[in-house]
Amino acid sequence: MGEQLSDRLLGDWSDMIESEMGRPYFNELATFIDEAYATSTVYPARQDIWNAFVYTKLKDVKCVILGQDPYHGPNQAHGLSFSVQDGVRFPPSLRNIFQELQDDIGCDMPTSGNLEKWARQGVLLLNTALTVEAGKAASHRGKGWETFTDAVIEELGKREEPIVFILWGNDAKKKQRLIGDHHTILTSVHPSPLSAHRGFFGSKPFSQVNTKLSEWGVEEIDWCL
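Residues numbered from 1 in each chain as written. Predicted model: local features only at pLDDT ≥ 70, side-chain atom pairs only at ≥ 80, totals over all residues. Heavy atoms only, no water.

J.: Sorry if this is basic, but what is going on with the pairing of strand β2 (residues 63-67) here?
T.: Successive side chains on a regular strand alternate, one facing one side of the sheet and the next facing the other. Along β2, 5 of the 5 residues are buried, which leaves the element largely enclosed by surrounding structure. Both faces of β2 are covered, namely the face carrying C63, I65 and G67 and the face carrying V64 and L66. Where β2 and strand β3 (residues 123-127) come together, 5 bridges link them in parallel fashion. Paired with C63 across the two strands is V123, which belongs to β3. As defined by bridge partners, β2 adjoins strand β5 (residues 164-168) across 4 bridges and the pair is classed as parallel. Counterpart to L66 in the pairing with β5 is L167. (Buried < 20%, exposed > 50% of the residue type's maximum accessible area, 1.4 Å probe, protein only. Helix = DSSP H or I, 4+ residues; strand = E, 2+ residues; numbered from the N terminus. Pairing = 2+ DSSP bridges.)

Dropping the structure here:
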């Protein structure tokens, strides 16, 4: 997994991630992931694991949207949290995100669930685990990915330039301890159908992000897809 990682990373993530690659936990994670792809169906496709870092440079991060693990259905996950590939039916959580986007800032309901446009504007779409076995939600949790994504959040949390962190659900909220006080943290329940009506709808995260970016003199994000 290490060679593939280096090939797919944008340059300014390299120092941080290569440091993690040298730690024992990452060697164990890489062995597990190599075996998982060799013996079972795993999402996303192997070449897409690192897309969050490919599409969003470290220096460009304005906002982080932290998910849990990738979608575990066919043709959905492609390395960006909550995003699905073009032409794929919206999973329920993504449909709820789009409903809040429409209610919050008036965007039309998107025709594609591909969030690459957000990623290329500085929205790091990161999951706490970057892979999952087909049909088995949370199957790759506890294998080392959380340690890796802790390191990513901690690196961003130490950055002098402020970032807006969007933490939806309990797994994401656990990362709050890694984020410096000079950043802005927006939290709510997860947008899944099981919880969205308990505080996700009406939370207005997209307008809040742009309000903070404007206050900081940073270009706002065009959220409409």
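J.: Quick question: what am I supposed to make of the state of the cysteines here?
T.: A covalent bond bridging the sulfur atoms of two cysteines is what the word disulfide describes. This structure, assessed with the given rule, holds 1 disulfide. One disulfide bridge connects C107 with C224, the sulfur atoms lying 2.0 Å from each other. Taking the torsion about the S-S bond as the criterion, the C107 to C224 disulfide, at about -80°, is left-handed. Of this pair, C107 sits in the loop between α5 (92-105) and α6 (116-119) while C224 sits in the segment after α9 (205-215), placing them 117 residues apart in sequence. No disulfide involves C63; its sulfur sits 14 Å from that of C107, the nearest cysteine. Assessed through its relative accessible area of 0%, C63 is described here as buried. (Disulfide = S-S within 2.5 Å.)

J.: In this structure, what is going on with the sheet that holds β2? I would like to understand it.
T.: Think of a sheet as strands paired side by side through backbone hydrogen bonds, with each pair either parallel or antiparallel. What the 4 strands build is an open sheet, ordered β3-β2-β5-β6; its pairing is parallel. Only two strands of the sheet have a single neighbouring strand rather than two, namely β3 and β6 (184-188). Averaged over neighbouring strand pairs, the angle between their axes works out to 15° when direction is ignored. In the packing of α9 onto the sheet, contacts are made with β2, β5 and β6, and the angle to β5 comes to roughly 165°. (Axes fitted to C-alpha atoms, helices over the stretch in contact; angles between N-to-C directions. Contact = heavy atoms within 4.5 Å.)

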